[in-house]
Amino acid sequence: MYAAVRVTGLAVLALWSSLAGNDAHRLLSRRWDSLWYARVAEQGYGWEVVLPDGAVHSNLAFFPLLPWLERLGSWLTPLAAPDVGLVVSAVASLAAAWGVFAVAERLYGGAAGVTAVALWAVLPVGIVQSMAYSESLFTALAAWALYALLRERWVAAGLLASLAGLTRPVGMAVTAAVLVGVALTARRERRLTPAMAAGALLSPLGAGAYVVWAGLRAGDPLLGYLRVQEGWGNGFDGGLAFARFIGSLLAGPGFWGGLGLTAGLALLAWLCVRCVRQRQPVVLLVYAGTVVALAVCASGYFGSKPRLLLPAFPLLLPLAVALARWSAARRGLLLAGAGLLSAGYAGLWLNGSGPP
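Owing to the predicted nature of the structure, the values given are computational and were not obtained by experimental measurement.

**As for the overall build of the protein**
Here's step 1: When its secondary structure is counted, the protein shows 18 helices and two strands.
Here's step 2: Rg of the C-alpha trace for the protein: 20 Å, near the compact-globule value of 21 Å for 356 residues, within the 12% margin.
Here's step 3: Over its C-alpha atoms, taken along the principal directions, the protein stretches across nearly 60 × 55 × 50 Å.
Here's step 4: Of all 356 residues assigned to the protein, the portion counted as buried reaches 48%.
Here's step 5: Contacts in the protein between residues far apart in sequence, at least 24 positions, make up 74% of those at least 6 positions apart.
Here's step 6: Entry remark: accessible area of the protein is about 16300 Å², with carbon and sulfur atoms responsible for 69%.
Here's step 7: If the 25 positive side-chain charges of the protein are averaged to one point and the 14 negative ones to another, these points end up 13 Å apart.

In structure tokens, the structure reads:
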């Protein structure tokens with residue numbers, strides 16, 4: 001089912017791009033962040049661009065796991081790094097879908113598991129799952145880390161969290177889930193087993209090691225990485241910049257866009273409340289809450305926020321459980337329609353502004 005949704009999206013994108021005079025393959029593998037990942041894979045770190053306003057965009061902002069895999073794939077095969085990135089995303093997206101199913105099925109049953117995967121597949125920005133970006137790789141690692149936590153496989157959860165931390169800055173959400181899961185279990189059982197301690201110690205190693213190394217390359221082991229992100233305009237201001245942006249749209253010609261963003265935030269808040277009322281395991285709430293907070297409250301490019309929310313799949317579980325009560329035919333019709341709309345949006349989006 002997941003593969004069918006993705007193939008449909010890619011087919012619509014190919015047709016749309018052809019009619020628009022663009023190359024779908026290039027849009028998926030050689031634009032926006034995919035170019036930065038490929039450059040790291042091919043040339044390593046240390047490259048930067050100085051913009052006319054003086055801002056410095058350094059490739060140290062991009063975490064290394066995807067470029068490492070691209071470099072390895074280019075060494076083992078005749079594929080170029082961007083094409084290896086597409087292969088990694090394709091395989092990782094299937095692993096992510098399986099992980100989403102595993103978490104949802106363990107908590108709410110098989111029908112909810114399949115529906116959760118379908119909902120994740122048909123998200124409007126779901127085409128990013130098929131791009132040479134790191135979202136699919138991160139979601140796969142995060143989903144299986146959460147599944148390991150639900151089964152109290154502490155060492156596996158810690159290792160997966162460490163790998164997630166080498167993939168994207170939001171890896172701290174997986175680390176937070178592991179640390180909270182270990183702490184709550186240790187408190188409940190009144191003991192800290194060696195496996196719990198190992199999982200807790202392993203979980204922050206990936207992100208921590210890279211942040212310190214990147215800081216050293218930037219000239220400051222403690223704050224260097226934060227300065228690299230500042231060069232990209234990224235920071236954490238509690239959502240003030242985003243609120244001002246929405247306010248400016250509502251007060252000007254972009255009123256309807258501002259209204260749409262406001263509605264989207266309201267929907268996001270409603271889903272968060274539903275997750276709490278659903279009494280999801282605390283590790284899922286911590287993970288999803290951290291992903292949402294980092295996405296919404298960051299001061300970076302606002303157009304990236306929808307794809308930054310893509311890994312927050314626990315938000316879909318209340319909808320998945322509700323839809324699982326529908327008949328299979330009714331549920332399938334709804335999800336098929338959503339998949340076609342998502343495919344159409346992908347064609348419009350990637351042939352327009354795209355996901356920076």
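**Structural notes on the UniProt feature "domain: Glycosyltransferase RgtA/B/C/D-like" (unreviewed entry) in the protein**
Here's step 1: The feature "domain: Glycosyltransferase RgtA/B/C/D-like" (unreviewed entry), as given by UniProt, occupies residues 64–194 in the numbering adopted here.
Here's step 2: Secondary structure across residues 64–194 comprises 76% helix and 0% strand; the distance between its end C-alpha atoms is 29 Å.

**Details of the nonpolar core**
Here's step 1: Ranked by size, the top nonpolar core spans 94 residues in total, and within it Y287 and L350 carry the most contacts.
Here's step 2: With twelve residues, the single largest contributor to this core is helix α7 (residues 135–150).
Here's step 3: With residues up to four places along the chain from it excluded, the contact list for Y287 reads F138, A142, L146, A173, V174, A177, P311, A312, F313 and P314.

**A closer look at the packing of aromatic side chains**
Here's step 1: Enumeration over the complete set of coordinates arrives at 17 aromatic pairs.
Here's step 2: Taking 4.9 Å as the distance between ring centres and 70 degrees as the angle between the ring planes, the aromatic pair formed by W36 and W232 counts as edge-to-face. Here W232 lies in the loop between α12 (224–231) and α13 (240–250) and W36 lies in helix α3 (residues 33–43), a separation of 196 residues in the sequence.
Here's step 3: The exposure class assigned to W232 is partly exposed, which follows from its relative accessible area of 22%.
Here's step 4: Arranged with centres 4.7 Å apart and planes meeting at 50 degrees, the rings of F63 and Y210 form a pair that is tilted.

**A word on the state of the cysteines**
Here's step 1: For the structure shown, the criterion picks out zero disulfides.
Here's step 2: This cysteine, C275, is not joined by any disulfide, and C272 carries the nearest cysteine sulfur, 6.4 Å off.
Here's step 3: C275 gets classed as buried once you look at its relative accessible area, which sits at 2%.
Here's step 4: Take C297: it sits in no disulfide, and the sulfur closest to it among the cysteines is that of C272, at 11 Å.

**Some thoughts on unusual backbone geometry**
Here's step 1: For E152, which is not a glycine, the phi torsion comes out positive at approximately 60 degrees.
Here's step 2: The residue E152 is located in the loop between α7 and α8 (154–165) in this model.
Here's step 3: A residue is classified by how much of its surface remains accessible, and E152, at 35% relative accessible area, is partly exposed.
Here's step 4: Its identity as a non-glycine residue notwithstanding, R279 has a phi of 60 degrees, on the positive side.
Here's step 5: By secondary structure assignment, the location of R279 is in the loop between α14 (255–277) and α15 (282–296).
Here's step 6: Judged by its relative accessible area of 75%, R279 is exposed.

**Some points on the environment of Y287**
Here's step 1: Topologically, Y287 is positioned in helix α15.
Here's step 2: Along the primary structure Y287 and P314 are separated by 27 residues, whereas in three dimensions their C-alpha atoms are 8.5 Å apart.
Here's step 3: There is a polar contact of 2.8 Å between the side chain of Y287 and the backbone oxygen of P311.

**Brief notes about the pattern of salt bridges**
Here's step 1: Evaluated as defined, the whole model comprises eight salt bridges.
Here's step 2: Notably, a salt bridge pairs R168 with E135, separated by 3.3 Å at the nearest N-O pair. Placement of the pair is R168 in the loop between α8 and α9 (171–189) and E135 in helix α7, with a sequence separation of 33 residues.
Here's step 3: The partner of R307 in a salt bridge is E135, with the nearest N and O atoms 2.5 Å apart. Highlighted residues: R307 in helix α16 (residues 305–308) and E135 in helix α7, separated in sequence by 172 residues.
Here's step 4: Given a relative accessible area of 1%, E135 falls into the buried group.
Here's step 5: Each of D33, E135, R168 and R307 takes part in one network of salt bridges that share partners.

**Let's talk about α9**
Here's step 1: Taking 1.5 Å per residue, 19 residues should reach 27 Å; α9 reaches 27 Å between its end C-alpha atoms and fits that length.
Here's step 2: Considered for burial, the residues of α9 that qualify are G171, A173, V174, T175, A177, V178, G181, V182, T185 and A186.
Here's step 3: On its buried side, α9 packs onto α7, α8, α10 (194–202) and α15.
Here's step 4: Remark: R190 follows α9 within two positions and exhibits a positive phi of approximately 60 degrees.

**Comments concerning the UniProt feature "transmembrane region" (unreviewed entry) in the protein**
Here's step 1: UniProt tags residues 84–104, 111–134, 154–184, 196–216, 254–273, 282–302, 308–326 and 333–350 as "transmembrane region" (unreviewed entry).
Here's step 2: The annotated region residues 154–184 carries 84% helix and 0% strand content, and the separation between its end C-alpha atoms amounts to 13 Å.
Here's step 3: Between the end C-alpha atoms of residues 333–350 there is a gap of 26 Å, over a span that is 100% helix and 0% strand.

The rules behind each value
Residues numbered from 1 in each chain as written. Predicted model: local features only at pLDDT ≥ 70, side-chain atom pairs only at ≥ 80, totals over all residues. Heavy atoms only, no water. Helix = DSSP H or I, 4+ residues; strand = E, 2+ residues; numbered from the N terminus. Rg over C-alpha atoms; globule rule 2.2 N^0.38 Å. Buried < 20%, exposed > 50% of the residue type's maximum accessible area, 1.4 Å probe, protein only. Contact = heavy atoms within 4.5 Å. Areas by Shrake-Rupley, 256 points an atom, 1.4 Å probe, with all protein chains shown as cover. Lys, Arg positive; Asp, Glu negative; His and termini not counted. Charge placed at Lys NZ, Arg CZ, Asp CG, Glu CD. UniProt positions renumbered as here; feature names shortened; annotations may be inferred. Core = buried A, V, L, I, M, F, W, Y, C linked by side-chain atoms within 4.5 Å. Phe/Tyr/Trp six-rings, centres within 6.5 Å; stacked < 30°, edge-to-face > 60°. Disulfide = S-S within 2.5 Å. Polar contact = N/O pair within 3.5 Å; in protein donor to acceptor, adjacent residues only side chain to side chain. Salt bridge = Lys/Arg side-chain N within 4 Å of Asp/Glu carboxyl O. Expected span 1.5 Å × (residues − 1).

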